[in-house]
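Read off the chains here:
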Amino acid sequence: MDPLSLEQKMAQFHEFFTIKHQLSVNMTPVSDDFQLPNLEDLVGQMPYAFKIAAEVSNVDSQAIRPLRNLSEHAKDLTDFLNHQNKKIDLMMSYILQQQDDPQHRYMSVEFGGGGIILKRDAPLEEGTIVELKVFLTEESAAVYCYSEVIKSEPVDDDYHIYLLFSRIREEDQELLVRASLHLQTLQLRARSKQQNNDSN
């Protein structure tokens, strides 16, 4: 277990922007004598689908960006590449769905680059290490990492389990940050559209 204090861990959790959003997450507690792997070993343990999902997501964001600065003539090319990208996203979503185990499935309440909050019917002991598979459906991506329980908070008839990402690849953390910001943009657009509809 990390020697940091609970306050320091909560500060790490809140270092990044978080957004209230439901994601499907597989959470599996590990054995008491489990040692957190280093990043190299983490990559070695990671299911192959998670490795390629992050790579595809990074390639997508890098490939389309330069085309936005080209002239109007590039619009058809951009549209074509976006259609190809949607096909790849559909395939990646299907591949990643095969990794989602209903026995270990929980729904997130909130997530960001520093950690995630899951809803559970019972608390988990502070300091418990869990293996996480976070499925980002809107991004056609998923993240595999290890997390530490830093808080179990009773809310209504359930518990909100605060999980700090303890071992996570930098590119996966960036993916979570991008996803949270993208989802916030979608939420703001939806809210603005609703307000316009209400005023009309």
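Everything that follows concerns the structure shown earlier in this document.
Residues numbered from 1 in each chain as written. Predicted model: local features only at pLDDT ≥ 70, side-chain atom pairs only at ≥ 80, totals over all residues. Heavy atoms only, no water.

**Student:** Teacher, can you tell me more about the overall build of the chain here?
**Tutor:** Within the chain one finds 5 helices and 7 strands. When the helices and strands of the chain are listed from N to C terminus, the series reads α-β-β-α-α-α-β-β-β-β-β-α. Residues classed as buried in the chain amount to 40% of the 200 residues present. Long-range contacts, defined here as pairs at least 24 residues apart, represent 73% of the contacts in the chain between residues at least 6 apart. Surface exposure of the chain reaches about 12,000 Å², of which carbon and sulfur atoms provide 50%. Both charge centroids of the chain, one from 19 positive and one from 32 negative side chains, sit 7 Å from each other. (Helix = DSSP H or I, 4+ residues; strand = E, 2+ residues; numbered from the N terminus. Buried < 20%, exposed > 50% of the residue type's maximum accessible area, 1.4 Å probe, protein only. Contact = heavy atoms within 4.5 Å. Areas by Shrake-Rupley, 256 points an atom, 1.4 Å probe, with all protein chains shown as cover. Lys, Arg positive; Asp, Glu negative; His and termini not counted. Charge placed at Lys NZ, Arg CZ, Asp CG, Glu CD.)

**Student:** Hey, could you run me through the nonpolar core in this one?
**Tutor:** One recurring pattern in soluble globular proteins is that nonpolar side chains are buried together. If you look at the biggest cluster of nonpolar residues, it comprises 24 residues, and the most contacted ones within it are Phe111, Ile116, Leu132 and Leu163. Listing elements by their share of this core, those giving two or more residues are strand S2 (24–29), strand S4 (115–120), strand S5 (129–136), strand S6 (141–155), strand S7 (158–167) and helix H5 (170–199). Apart from residues no more than four positions distant in its own chain, phenylalanine 111 is found in contact with Phe17, Thr18, Ile19, His21, Leu23, Ile116, Leu136, Leu176, Ala179, Ser180 and Leu183. Among the nonpolar cores identified, the runner-up in size contains 12 residues, and Leu42, Ala53, Met92 and Leu96 belong to it. (Core = buried A, V, L, I, M, F, W, Y, C linked by side-chain atoms within 4.5 Å.)

**Student:** I'm lost on unusual backbone geometry in this one. Help?
**Tutor:** Excluding glycine, a negative phi dihedral is what most residues carry, and trans is how most peptide bonds are arranged. The phi dihedral of serine 140 is positive, around 50°, even though this residue is not glycine. With phi around 55°, aspartate 156 is a residue other than glycine that occupies positive phi space. Assignment of secondary structure puts aspartate 156 in the loop between S6 and S7. According to the relative accessible area criterion, aspartate 156 is exposed, its value standing at 78%.

**Student:** How should I be thinking about helix H1 (residues 6–13) in this particular structure?
**Tutor:** Because the α-helix completes a turn every 3.6 residues, residues three or four places apart line up on one side. Buried residues of H1: Lys9, Met10 and Phe13, and no others. Along the long axis of H1, the arc covered by the buried residues comes to 100°, so they all point the same way. Taken together, the buried residues of H1 touch strand S1 (18–20), S4, S6 and S7. (Arc of directions from axis to C-beta.)

**Student:** Even after reading the chapter, I still don't get a negative patch on the surface, so can you show me in this structure?
**Tutor:** Together, Asp32, Asp33, Glu125 and Glu126 make up a negatively charged patch on the protein surface. Relative to the elements of secondary structure, glutamate 125 occurs in the loop between S4 and S5. (Patch = residues over 30% accessible without salt bridge, like charges linked within 9 Å, V, L, I, M, F, W, Y side chains within 5 Å. Salt bridge = Lys/Arg side-chain N within 4 Å of Asp/Glu carboxyl O.)

**Student:** Please explain the pairing of strand S3 (residues 105–112) as it appears in this structure.
**Tutor:** Pairing of S1 with S3, which is carried by 3 bridges, proceeds in the antiparallel orientation. The partner of isoleucine 19 across the bridge, within S3, is phenylalanine 111. In the sheet, S2 pairs with S3 via 3 bridges, with the strands oriented antiparallel. Note on S3: the bridge partner recorded for serine 24 is methionine 107. Judged from the 3 bridges that link them, S3 and S4 form a sheet pairing that is antiparallel. Looking across to S4, one finds that phenylalanine 111 is bridged to isoleucine 116. Hairpin connection between S3 and S4: a loop of 2 residues separates the two successive antiparallel strands. (Pairing = 2+ DSSP bridges.)

**Student:** Just checking my understanding: could you explain helix H4 (residues 75–97) for this structure?
**Tutor:** Taking 1.5 Å per residue, 23 residues should reach 33 Å; H4 reaches 33 Å between its end C-alpha atoms and fits that length. Every buried residue belonging to H4 is among Thr78, Asn85, Asp89, Met92, Ser93 and Leu96, and all of these are buried. (Expected span 1.5 Å × (residues − 1).)

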